[in-house]
Amino acid sequence: MQIALFTIFGLLAVAGALNLLLQRHPINSALSLVVVMMSLAVLYWSLGAEFLAAAQVIVYSGAIMVLFVFVIMLLNAGAEEHTRGSRVAAIVGFPGAAAIFCLLSFVFLSERHRLGTTRLGDSVTGVGSNISEISHTLFTSLLLPFEVTSILILVAILGAVVLARKEL
Amino acid sequence: MTQSHPFLLFLALSIVKIAVVLVITLMAVAYTVLLERKVLGRLQNRWGPSRTGPFGLLQPLADGIKLFLKEDMMPLAVERPLFIAAPIIALACALVSISMVPFGKHTLVPGTGVDIFQVADLNIGLLVILGITSIGVYGIALSGWSSNNKYSLFGSLRATAQMISYELALGLSLVGVVLRAQSLSLRDIVASQSAHGLWSWNVLGGCQIIAFFIYLMAAYAETNRSPFDLPEAESELVAGYHTEYSSMKFAMFFMAEYANMITVACVATLLFFGGAGSPFGHLFDHFGNGWFLAAALPVFWFVAKVFAFLLLYIWVRGTLPRFRYDQLMGFGWKFLLPVAMLNILATALALAYHG
């Protein structure tokens, strides 16, 4: 079951990502990104991280991408114009990407014992919810990073307000 | 039915449940439309539809046939794939979220672990409903943009901005309930209110009445219903985001709106009014000893509560005038959101003090 889900939605995510690059119109690209986000959410879910999946759908597909689409609609952006692209990117692009991919997978695979594993939840196999575990971790051992992140977001919101007020 | 294939059995039963729930929801949508027309008519001192069948009861059927047989116009300047996809997204999202709703008591099909009265019991059911609602915004946003019509675009811009803004107040108003139930599963939330009937419902005993009113207002805005129906304000925008749609595509938007109304009413029932629980608690439990009554009574209470919410929707539509757009945004951001946050704070403090 999990293999089937992974195959279908992994392929869907890759197809959406490719479509994102190949589409000429910004709104089609934005919608492809939505497909990628949703497929990732299903993958998270199939791994047992159901809270992460729901957050992914609500935050990324539901809020951030809607704003993207909103801005594209407001600007009424037309089809993009293709440039020739830089020659460096054309030559180094694919080998560079492949090299980084290989390096990352090599590091993760060789160091996986030292990285350790984490138990995401028992929702795939049976009952149980990992929401309480996540919140417990967030509010005990990871409290400082969590609060610092919220302050960071608050600062960003205030900055946006200040920038917007200048034009009033 | 073989016990050796629990997965196949589960699959078959799930498909049957989905089909039944789908048919019932679509029938409910059709008759909600009729109910609205009848009740709105009475509120305005006229009869409403009364010629098709007894009391106009066959009117939804006639409407359906009319919409099916109408010519499906496809304007030339539209963005074709998105123009077709938009109503499908809207209707699909509206129908999927009903699958999380538990309609009755936890009743298993004999010999299996499959619940009769709920399509899917997820431990994050509430979040799934919120997520699907937020995906439903795409249907409206894309329909307006792909129509290539200024009124459609304005309607969909208004709708999108309104839905994103009120989603926050909607989500925050539910946090108090989740804090009290300590779970995001809709079954657990209902179970947390089942102790003493009316008195242990979140809206009364749970002291979530402020949260309930925030939810109610945000939900009206989420479903683009009066008094927040600016996206389809016919005096300004022709018909808003579905101006260019005709025939079945228009019907899909129409059905999506009413299906969303029903979902919102179901969620309000589950979260604030004890779901399928009786208002008398366990007072009259010894009367209903038969298995049929024990299974049917909760469903009756659930349907009655949802029906009351739908009547409230129609009553509000018949009574209140439309907001102005800046009033709508100011109300959502400057009033509902802070009050919802204060409610969370108060609930959390009260729980910490008692627990």
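Keep in mind the model is a prediction, meaning the values are calculated, not measured. (Residues numbered from 1 in each chain as written. Chains lettered and ligands numbered in written order. Predicted model: local features only at pLDDT ≥ 70, side-chain atom pairs only at ≥ 80, totals over all residues. Heavy atoms only, no water.)

A. Representation of the layout of surface pockets in the model. Residues and elements named next belong to chain B. There is about 1,200 Å³ of room inside the second largest pocket. Surrounding the second largest pocket, 45 residues form its lining, Val-33, Asp-63, Leu-67, Phe-254 and Tyr-258 being those nearest its centre. Those elements that place two or more of their residues in the lining of the second largest pocket are α1 (6-43), α2 (59-69) and α9 (247-272). Counting residues per element, the lining of the second largest pocket draws most heavily on α1, which supplies ten residues. When the residues that make up the lining of the second largest pocket are grouped by side-chain class, the tally is 27 nonpolar, six polar and twelve charged. (1 Å grid on protein atoms, 1.4 Å probe; cavity = no way out; pocket = protein on both sides within 12 Å on 5 of 7 lines; lining within 4 Å. Points joined across faces, edges and corners; volume = space filled by probe spheres on them. Helix = DSSP H or I, 4+ residues; strand = E, 2+ residues; numbered from the N terminus. Nonpolar A, V, L, I, M, F, W, Y, C, P; charged D, E, K, R; others polar.)

B. Layout of the side chain of Thr-160 of chain B. Turning to its location among the elements, Thr-160 of chain B is positioned in helix α5 (residues 150-181). Not counting the four nearest positions on each side in its chain, Thr-160 of chain B is found in contact with Val-66 and Phe-70 of chain A together with Val-137 and Ala-141 of chain B. (Contact = heavy atoms within 4.5 Å.)

C. Highlighting the pattern of salt bridges. All names here are of chain B. Enumeration over the complete set of coordinates arrives at six salt bridges over all chains. Residue Asp-63 is joined to Arg-37 by a salt bridge in which the shortest nitrogen-to-oxygen separation is 3.2 Å. Here Arg-37 lies in helix α1 and Asp-63 lies in helix α2, a separation of 26 residues in the sequence. Given a relative accessible area of 21%, Asp-63 falls into the partly exposed group. (Salt bridge = Lys/Arg side-chain N within 4 Å of Asp/Glu carboxyl O. Buried < 20%, exposed > 50% of the residue type's maximum accessible area, 1.4 Å probe, protein only.)

D. Summary view of the interface of chain B and chain A. With 23 residues of chain B at the contact, the number on the chain A side is 27 residues. Where chain B abuts chain A, roughly 2,000 Å² becomes buried across the two surfaces, and 82% of that area is made up of carbon and sulfur atoms. Linking chain B with chain A are two residue pairs in polar contact (both at pLDDT 80 or more). Broken down by secondary-structure element, the contributors of at least two residues to the side of chain B that touches chain A are α4 (125-146) and α5 of chain B. A breakdown of the residues in the side of chain B that touches chain A according to their chemical character gives 18 nonpolar, five polar and no charged. (Buried area = accessible area lost by both parts, 1.4 Å probe. Polar contact = N/O pair within 3.5 Å; in protein donor to acceptor, adjacent residues only side chain to side chain.)

E. Layout of the state of the cysteines. Residues and elements named next belong to chain B. Under the criterion given, the structure shown has zero disulfides over all chains. This cysteine, Cys-93, is not joined by any disulfide, and Cys-266 carries the nearest cysteine sulfur, 17 Å off. Residue classification places Cys-93 among the buried positions, given a relative accessible area of 13%. Judged by relative accessible area, which is 2%, Cys-266 ranks as buried. (Disulfide = S-S within 2.5 Å.)

F. Main features of empty space enclosed by the protein. Residue and element names in this part refer to chain B. One pass over the structure, following the stated rule, counts two cavities of 30 Å³ or more. The volume enclosed by the largest cavity comes to roughly 350 Å³. Lining of the largest cavity is provided by 26 residues; of these, Thr-133, Met-163, Glu-222, Thr-223 and Asn-260 occupy positions nearest its centre. Elements that contribute at least two residues to the lining of the largest cavity include exactly α3 (80-96), α4, α5, α7 (209-222) and α9. Grouping the constituent residues of the lining of the largest cavity by class yields 17 nonpolar, seven polar and two charged. Contributing to the lining of the second largest cavity are Tyr-215, Leu-216, Tyr-220, Val-264, Ala-265, Ala-268, Phe-309 and Tyr-313. Counting only elements with at least two residues in the lining of the second largest cavity, the list comes to α7, α9 and α10 (291-319). The residue inventory of the lining of the second largest cavity, partitioned by class, reads eight nonpolar, no polar and no charged.

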